[in-house]
Structures are given as C-alpha cells and as structure tokens.
Amino acid sequence: MTSRDGGRGLEGRTALVTGGGSGIGRGICRELARAGARLLAADISYEGALDTVDLLSLDGHQARPVALDVTDSAAIGGIRSRLEAEGWMPDVLVNNAAIFGMAAIEDIEPAEWDRMIEVNLKGPFLMMQAFIPRMIEQRWGRVVSISSTAGKTGEAFASHYCAAKRGLIALSRSVSLEVAPHVTVNCICPGFVETPMTRTETRFWQSRDPNISEAEVRMRMRNQIPLGRMGRPEDIAGAVRWLSLPVNDYITGQAINVDGGLDFH
Ligand SMILES: NC(=O)c1ccc[n+]([C@@H]2O[C@H](COP(=O)([O-])OP(=O)(O)OC[C@H]3O[C@@H](n4cnc5c(N)ncnc54)[C@H](O)[C@@H]3O)[C@@H](O)[C@H]2O)c1
C-alpha cells in the first residue's frame, strides 16, 4: 500500500514495536520499515529483537534493538530518556508484546493471573503513558495495540488472557477519546495466527486429549475460519501499517478484526 501522495507513507517517522522479536511483532517491524519508518524492535528477549534488526538491516532498513520488559515502569522511563536524548522518540507505538496461557478457571494461580494482566494490559498502559505525551505535543502520533478476537468473544480456558485483551480494547478506546484529534489509538484483533504463541494452544488441547494430533488441532482451528487458512504475521502487519499511515487520520477508538472472517463484532 502506498500513501495518497505516492510515497510509502512513514518516511521520517520512528516506530516502536513491543514484542518485536518474534511472530507478529517481527512481521509488524518489517512492514513498518518497508513503509519508510525507522524501527525500534523492543522485546524482553534481546536476542529476538537483535534477530529482527538483523533481518531489517539486511533489507537496508534503519532499525535498533531495545531490551524492554513492558511491565517495568522504571526501565521504560530510562528507555524513554535515552530515546529522547538520541532523537529516536517514537511517532508510532505498537503494543504487541503479550503472553498467552490456557487453564481452567479453578487452575489459574493468582500469580499467573497477575502476570497475564501485568504484561498484556498494564504493559500497554505504561507504554502509552510514556510515549503518548510527546505525540500530543508534536500534534501527531499513532498507537496501535494488538488485542485479539478472544478479547471480544471470550475463549474457554483462557479467561485471564481474554480479560486482559478485553481490557486493552477498553483502555485504547478511552485513551483515543482523550488524545484526539492529532493522535489516533486503535486495536487490531487477530484470530488464529501461525506463531510460537499458537503452539501453547495446540499443546493445551493435546494435554486434554492425548489421542489428538497437532495437525488435528490446527485443522479444527482452520475449519472455524471462513477464509480457510490460519492468519500470517503479515496479515496483521498490513493492517497495522494501514492504521499508522498519516493519510488514515479519521479512524480512532476502533478494535478491528483481522481474522479471516472468524468473528463479527
Ligand atoms: N498468534 C495468535 O494466534 C494471536 C491471536 C490473537 C492475538 N495475538 C496477539 O498478537 C500479539 C503477538 O503474538 P505472537 O503470536 O506473535 O506471540 P509470540 O509469543 O510469538 O511473540 C510475543 C513476543 O512478546 C515478547 N514479550 C513477552 N513478554 C514481554 C514483556 N514483558 N516485555 C516485552 N516483550 C515481551 C516475547 O518475547 C515475544 O517476542 C500478542 O499481543 C498476542 O496476544 C496473537
């Protein structure tokens, strides 16, 4: 996709993608870099972030790895100061980092619940708090958070994950109302996407039924998707890019499904 003026759309902009070291986050980094942005691939796994940056650099893009735990507010403050001093403050923030787990409600340990909410909901809150003020100041910014269709429909044995993802939609909607008109804040809700995270789900269903193969679990997922295939990181990345473009200044506070038709909401 190109912008209306024929450019790639994000030249001269800097984008920070949390969880940029794996799966969907890596795909988003690649797509935003192709759109012309300088990339900050931020991840709790520095090795993952470094691998992403290596891939982007091979393609001639400008990118830097950032070691980041989205739950660590002091560390986020330090990173913000460093980026500010170095002229790398993000114009586009993508809250993509998350963890996933599956367990029956009676088996979720309170500490597990807390960690799910910390990473998947408090993390985006801390990142918005750190990086939105400058966007408001400069009268331009984009925040895109990766929620999930599960945050709308719910999912059995993932109540903690779904609660956090639903919360992320409410957080984004509320912040979008606060920061309008120059900063837009939206969510993308993927369905089933082929990434390391999907393996947690297949392993869970196999643990409940040892006779079921991984291929069968995947087939069951696929069969629920009207477009007949699992999502790919680039499907999600394309939507993030589209929402990030300057030309898209009339979409805010939305939670858009990119799920092959899985859900309607
Ligand atoms: N894969 C799917 O089917 C699917 C479906 C719906 C939504 N999503 C969402 O898409 C996003 C990306 O998921 P994915 O499938 O690429 O997963 P993934 O596990 O491949 O990637 C998640 C990344 O987040 C990083 N991360 C985890 N905790 C972190 C922390 N505290 N601080 C910083 N980084 C941290 C991990 O190191 C990893 O690189 C997540 O928000 C996920 O909830 C995924």
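Our subject is the structure that appears above.
Residue positions are given per chain, counted from 1 along the sequence in the order it is written. Predicted model: local features are reported for residues with pLDDT of at least 70 only, side-chain atom pairs are reported and counted for 80 or more only, and whole-chain, interface and lining totals are derived from all residues. Each side-chain value is derived from all of the structure's non-hydrogen atoms; neither hydrogens nor water enter the calculation.

Novice: Help me out: how do you make sense of the overall build of the protein chain in this one?
Specialist: A run of H or I in DSSP becomes a helix once it reaches four residues, and a run of E becomes a strand once it reaches two; helices and strands are each numbered from the N terminus. Assigned secondary structure in the protein chain consists of 9 helices and 7 strands. Our radius of gyration is a C-alpha quantity, and the globule rule it is checked against amounts to 2.2 Å times the number of residues to the power 0.38. In terms of overall size, the protein chain behaves like a compact globule, its C-alpha atoms giving a radius of gyration of 18 Å where 265 residues would be expected to give roughly 18 Å. By its C-alpha atoms, the protein chain is 55 × 40 × 35 Å across when sized along the principal axes. Think of it in three bands: residues with accessible area under 20% of the maximum for their type are buried, residues over 50% are exposed, and the middle band is partly exposed, with areas taken using a 1.4 Å probe on protein chains only. Counting the 265 residues in the protein chain, one finds 51% classified as buried. A contact between two residues is defined here by any heavy atoms of the two lying within 4.5 Å. Sequence separation of 24 or more characterises 72% of the internal contacts of the protein chain that already satisfy a separation of 6 or more.

Novice: I keep staring at helix α3 (residues 73-86) and nothing clicks. Help me out?
Specialist: Every α-helix winds through 3.6 residues per turn, so residues three or four apart in the chain are directed the same way. The length a helix should cover is 1.5 Å for every residue beyond the first. With 14 residues, α3 should cover 20 Å at 1.5 Å per step; its first-to-last C-alpha distance of 20 Å lies within 8% of that length. Among all positions in α3, only I76, G77, I79 and L83 are buried. For α3, the angular spread of buried residues about the axis comes to 165°, placing them on one side. Of the exposed residues in α3, those oriented more than 90 degrees away from the buried face are A74 and A85. Close packing links the buried residues of α3 with β1 (14-18), β2 (38-43), β3 (63-67) and α4 (110-138). Within 3.5 Å is the distance limit for a polar contact, defined as a pair of N or O atoms, with the added protein rule that one can donate a hydrogen and the other accept it, and that residues adjacent in sequence qualify only through two side-chain atoms. The opening residue of α3 is D72, an N-cap whose side-chain oxygen sits 3.3 Å from the backbone nitrogen of A74. Once α3 finishes, G87 follows within two positions and takes phi at roughly 70°, a positive value. An arc is given here, and it is the one of the directions from the helix axis to the C-beta atoms.

Novice: Please clarify how the layout of surface pockets should be interpreted in this entry.
Specialist: To find leftover empty space, one rolls a probe the size of a water molecule over the atoms. Here a cavity is any set of points on a 1 Å grid over the protein atoms alone where a 1.4 Å probe fits but cannot get out, and a pocket is any open set with protein on both sides within 12 Å along at least 5 of 7 lines; a residue lines the site when it has an atom within 4 Å of a point. Grid points are joined across faces, edges and corners, and a volume is the space filled by probe spheres set on the points. Within this model, the largest pocket holds a volume of roughly 1100 Å³. Taken together, 49 residues line the largest pocket, and the ones lying closest to its centre are F100, Y161, T195, M197 and T198. Within the residue set of the lining of the largest pocket, elements represented by two or more residues are α1 (23-34), β2, α4, α5 (150-153), α6 (159-179), α7 (196-208) and α8 (214-223).

Novice: Is there a simple way to think about the environment of E201 in this case?
Specialist: In this structure, E201 sits in helix α7. For E201 and E214, which are 13 residues apart along the polypeptide, the C-alpha to C-alpha distance reads 9.8 Å. When neighbours within four sequence positions are excluded, E201 is seen to be in contact with F100, M102, E155, F192 and M221.

Novice: Help me out: how do you make sense of the side chain of T14 in this one?
Specialist: Relative to the helices and strands, T14 is located in strand β1. According to the relative accessible area criterion, T14 is buried, its value standing at 2%. Of note is the side chain of T14, whose polar atom sits 3.0 Å from the side chain of R38. Setting aside its immediate chain neighbours within four residues, T14 contacts R38, L40, W88, M89, P90, D91 and V92.

Novice: Would you mind showing me how to read the site of the ligand here?
Specialist: Around the ligand, the structure places 29 residues, and the nearest of them are S22, D43, N96, Y161 and T195. A distance of 2.9 Å is found between a nitrogen atom of the ligand and a side-chain nitrogen or oxygen belonging to D69. Here an oxygen atom of the ligand sits 2.7 Å away from a polar atom, N or O, in the main chain of N96. For the ligand, the protein covers 91% of the area, taking 830 Å² as the surface of the free molecule. Each molecule is assigned to a cavity or pocket provided more than half of its atoms lie within 2 Å of the corresponding grid points. Of the pockets mapped on this structure, the ligand occupies the largest pocket. With 3 residues, the top contributor of residues to the shell around the ligand is α7. Nonpolar residues are Ala, Val, Leu, Ile, Met, Phe, Trp, Tyr, Cys and Pro. Charged residues are Asp, Glu, Lys and Arg, and all others, Gly as well, are polar. Here the shell around the ligand is built from residues that sort into 15 nonpolar, 10 polar and 4 charged. By convention in these notes, a residue is near a molecule or strand provided one of its non-hydrogen atoms lies within 4 Å of it. A 1.4 Å probe and the Shrake-Rupley method give the accessible areas. Residues count as covered only by the protein chains that appear here.

Novice: Mind showing me how you'd approach the sheet that holds strand β7 (residues 255-258) here?
Specialist: The pairing criterion is simple: DSSP has to find at least two bridges between the two strands. With respect to topology, 7 strands assemble into an open sheet ordered β3-β2-β1-β4-β5-β6-β7, the strand pairing being parallel. In this open sheet, the two strands that pair with only one neighbour each are β3 and β7. The sheet shows a mean angle of 20° between the axes of neighbouring strands, direction not considered. Its contacts with the sheet place α6 against β5 (141-146), β6 (183-190) and β7, and it is angled at close to 160° to β6. Inter-axis angles, ranging from 0 to 180 degrees, are taken between N-to-C directions of lines fitted to C-alpha atoms, where helices are fitted over the stretch in contact.

Novice: Sorry if this is basic, but what is going on with the packing of aromatic side chains here?
Specialist: One pair of aromatic rings is described through two measures. These are the centre distance and the angle between the planes. The aromatic pairing rule takes the rings of Phe, Tyr and Trp, using the six-membered ring of Trp, and pairs them if the centres are within 6.5 Å, calling planes under 30 degrees apart stacked, those over 60 edge-to-face and the rest tilted. Per the counting criterion, the structure on display carries 4 aromatic pairs. Relative to Y161, the ring of F100 has its centre 4.7 Å away and its plane inclined at 85°; by these criteria the two rings are edge-to-face. A residue pair is termed long-range when its members are at least 10 positions apart, and F100 in the loop between β4 (92-95) and α4 and Y161 in helix α6 qualify at 61 residues. Accessibility classification places F100 together with Y161 in one group, the buried group. On the numbers, 5.1 Å between centres and 75° between planes, the contact of F204 with W205 is edge-to-face. A relative accessible area of 12% means that F204 is categorised as buried. According to the relative accessible area criterion, W205 is partly exposed, its value standing at 28%. Every member of this aromatic cluster is reached through a ring pair, and the members are F157, F204 and W205. Positioned above the aromatic ring of W140 is the side chain of R13, whose terminal nitrogen or guanidinium carbon lies 3.8 Å from the ring centre. Lying over the aromatic face of W88, R38 brings its terminal NZ or CZ to 4.0 Å of the ring centre. Two limits define a charge over a ring: the Lys NZ or Arg CZ must be within 6 Å of the ring centre, and within 35 degrees of the ring normal.

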